[in-house]
Amino acid sequence: MRQSTKNSPAVGIVGVLLPGEGVQAEIEKQISACDLLEFRADGYPVSEIPSALAACTRRYRSSAQPLPLVFTMRLRRDGGFWPDAAASSRVEIWQSLLSQPETSAIAWVDVEVEEIEVLPASLRKQWKERGIGLLLSHHDVRGDESPSDWKAVTDTMTRYAPEGAKLALSAHGEDEILESLALAASVAHEFPASAVFCMGAAGQATRVIAPLLGCALSYAHLGGAPAAPGQLSALETRSLIEALRAETDDGTKLDNLAWLQHARTRLRRAGLAN
C-alpha cells in the first residue's frame, strides 16, 4: 500500500492481469503504479492455471518489492470467463492452491457473496492460517439493482465477516452515484480492505473518490482493454487519486458532491471523461 497522509488513508491499486494482456513493456510500466495484482485465473483452461500462476509469480514477484496477488475466478454473469453452471467446481481449484509453491504469493482469494455457501469452512480456516484473506465480492453487471439492494448485499457480507469486500455497482443518475459514495464510506468503516465503485462512464469518478473515503483498494487495467466498463489504467488511477488527495492535504473537508465535482474536473483535464 502507498503511504497515507494526515487526511487520507493509504490506497492500494489492484492491477487486473488478464491472459494475453497487451505489450509487456506497457504492462511493466503500469505495474509500477500498482500495489497488488489480480490474477484472473478464469481466463485460463483449468489444466493451465497452475503453470500460468507459476509464470505470473516468477515474472511479477521477482522484483525487490514483490506484489501480492488476488486470485480470482470470475463468473461469466459477473463479467468473467468461468461458466456460471460450473461455479461450484472452483472449490477444487481453491483447495489446490494450498499445495502449490506459489501459495505464498497469494494474499487474497475473491469469492462472490452469492457463492459463499459453497466455500468449505475448513478451507477458509486454512487460508486464514496461511495469511490468505477472503475477499467477498458482488457485481451488478445487469444494472438492475437499487441502493436498497446494495445495502442488503453489504449486510449479507457483514454476516460472513470476510477480511475484505468488493462491490462493483451500476448507478442510474446523480443521486445513486452519491449514494454509492455514502455506501463506500460505510463499507470502508466495516472493511478497511475494500473497493466500492460504480461501473460505466457515469461512475468513473467513483473509482478515484472511494479510495479517499477509506476504501483501500481501487481496481485498474494494465494498459490493455479495461476489465470492466469505466476502468482506468493503473497509472491514470494513481495520478488522479494523488491529485485529489493533494487538494485536501491542508485539512480541507469536502462532501461527496464536492468530491464528485473535483474528480470529474480532473478526469476532463486528463482527457479521460467519457
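Reading the values: rules and limits
Per chain, residue numbering runs from 1 following the sequence as it is written. Residues qualify for local features only when their pLDDT is at least 70, as the model is predicted, and side-chain atom pairs are given and counted only at 80 or more; totals for whole chains, interfaces and linings, by contrast, use all residues. Side-chain numbers come from the whole structure's heavy atoms, not from hydrogens or water. The rule is simple: take the accessible area with a 1.4 Å probe, protein chains only, and divide by the maximum for that residue type; under 20% is buried, over 50% is exposed, in between is partly exposed. Secondary structure elements are defined from DSSP: runs of H or I of at least 4 residues count as helices, runs of E of at least 2 residues count as strands, and each element is numbered from the N terminus. Strands pair, by our definition, only if DSSP identifies at least two bridges between them. What makes a salt bridge here is a side-chain nitrogen of Lys or Arg within 4 Å of a carboxyl oxygen of Asp or Glu, nothing more. Here, two residues are considered to be in contact whenever any of their heavy atoms come within 4.5 Å of each other. As a rule, the C-alpha atoms of each element are fitted with a line to give its axis, helices using only the stretch in contact, and angles between N-to-C directions run from 0 to 180 degrees. By the definition adopted for this analysis, an angle is roughly parallel if under 35 degrees, roughly antiparallel if over 145, roughly perpendicular if from 65 to 115, and oblique otherwise. Side-chain classes are defined by residue name, with Ala, Val, Leu, Ile, Met, Phe, Trp, Tyr, Cys and Pro counting as nonpolar, Asp, Glu, Lys and Arg as charged, and the others, Gly among them, as polar. pLDDT is a residue-level measure of predictor confidence that goes from 0 to 100. The term nonpolar core refers to a set of buried residues drawn from Ala, Val, Leu, Ile, Met, Phe, Trp, Tyr and Cys, joined through side-chain atoms within 4.5 Å. For this text, the term disulfide refers to a pair of cysteine sulfurs within 2.5 Å.

Chemist: Break down the pairing of strand β2 (residues 36-40) for me, citing the residues and quoting the values.
Modeler: Counting buried positions along β2 yields 5 of 5 residues, so the element is predominantly enclosed. Burial along β2 is two-sided: the residues Leu-36, Glu-38 and Arg-40 and Leu-37 and Phe-39 are all buried. For strand β1 (residues 12-17) and β2, the ladder comprises 4 bridges, and the chain directions are parallel. Looking at the pairing, Leu-17 lines up with Phe-39 of β2. Pairing of β2 with strand β3 (residues 69-72), which is carried by 4 bridges, proceeds in the parallel orientation. Looking across to β3, one finds that Phe-39 is bridged to Phe-71.

Chemist: Give me the lowdown on the pattern of salt bridges, citing residues and values where you can.
Modeler: Applying the stated rule across the entire model yields 17 salt bridges. In this structure, Glu-114 engages Arg-77 in a salt bridge whose closest nitrogen and oxygen atoms are separated by 3.7 Å. In this pair, Glu-114 sits in the loop between β4 (106-112) and α4 (121-129) while Arg-77 sits in the loop between β3 and α3 (90-96), placing the two residues 37 residues apart along the sequence. Among the residues examined, Glu-114 registers a relative accessible area of 40% and is labelled partly exposed. Measuring nitrogen to oxygen at the nearest pair gives 2.8 Å for the salt bridge that ties Arg-90 to Glu-112. Taken together, the residues Arg-90 in helix α3 and Glu-112 in strand β4 connect sequence positions 22 residues apart. As far as burial versus exposure is concerned, Arg-90 and Glu-112 are alike and both buried. Each member of the salt-bridge network shares a partner with another, and the members are Glu-38, Arg-74, Arg-90, Asp-110 and Glu-112.

Chemist: Outline the environment of Val-208, listing residues and values.
Modeler: The residue Val-208 is located in helix α7 (residues 206-209) in this model. A relative accessible area of 1% places Val-208 in the buried class. Along the sequence, Val-208 and Gly-230 sit 22 residues apart, while their C-alpha atoms lie 11 Å from each other. Not counting the four nearest positions on each side in its chain, Val-208 is found in contact with Leu-232, Thr-237, Leu-240, Ile-241, Leu-244 and Ala-263.

Chemist: Mind laying out the packing of helix α5 (residues 147-160) against helix α6 (residues 174-190), listing which residues take part and the relevant values?
Modeler: Running from N to C, α5 and α6 point in directions that differ by 10°, and their axes come no closer than 11 Å. It follows that α5 is roughly parallel to α6 by the angle criterion. Contacts from Pro-147, Trp-150, Thr-154 and Thr-158 of α5 reach α6 at Glu-176, Glu-179, Ser-180, Leu-183, Val-187 and Glu-190. Across the contact of α5 with α6, the residue classes tally to 4 nonpolar, 3 polar and 3 charged.

Chemist: Let's hear about the confidence of the model for the chain: which residues, and what values?
Modeler: Where the model shows low pLDDT, its predicted coordinates should not be examined in detail. When pLDDT is averaged along the chain, the result is 89, and 93% of the positions lie at 70 or above. Confidence drops under a pLDDT of 50 for residues 3-9, and excluding neighbours within four residues, the segment shows 19 contacts in the predicted structure.

Chemist: Go over the pairing of strand β5 (residues 133-139) with me, naming the residues and quoting the values.
Modeler: The buried count for β5 comes to 7 of 7 residues, which makes it a mostly enclosed element. Residues of β5 alternate between two faces, with Gly-133, Leu-135, Ser-137 and His-139 on one and Leu-134, Leu-136 and His-138 on the opposite face, all of them buried. The pairing of β4 with β5 spans 5 bridges and is parallel. Bridging across to β5, Val-111 finds its partner in Leu-136. Taken together, the 5 bridges between β5 and strand β6 (residues 164-169) define a ladder with parallel strand orientation. From the neighbouring strand, Leu-135 faces β6, where its bridge partner is Gly-164.

Chemist: Outline the nonpolar core, supporting the account with residue identities and numerical values.
Modeler: If you look at the biggest cluster of nonpolar residues, it comprises 73 residues, and the most contacted ones within it are Phe-71, Trp-94, Val-109 and Trp-127. Those residues in contact with Phe-71, other than ones at most four positions away along the chain, are Phe-39, Ala-41, Ile-49, Leu-53, Ile-93, Trp-94, Leu-97, Ile-106, Trp-108, Val-109 and Asp-110. Within the second largest apolar cluster, 14 residues are counted, among which are Leu-36, Val-70, Trp-108 and Ala-195.

Chemist: So what about unusual backbone geometry? Which residues, and what values?
Modeler: Of note, Ala-161 is a non-glycine position whose phi angle comes to about 45°, a positive value. Examined against the element boundaries, Ala-161 turns out to sit in the loop between α5 and β6.

Chemist: Which residues make up the state of the cysteines, and what are the values?
Modeler: One pass over the structure, following the stated rule, counts 0 disulfides. With no disulfide of its own, Cys-198 lies 11 Å from the sulfur of Cys-215, the closest cysteine sulfur. Taking relative accessible area as the criterion, Cys-198 reaches 0% and is therefore assigned buried.

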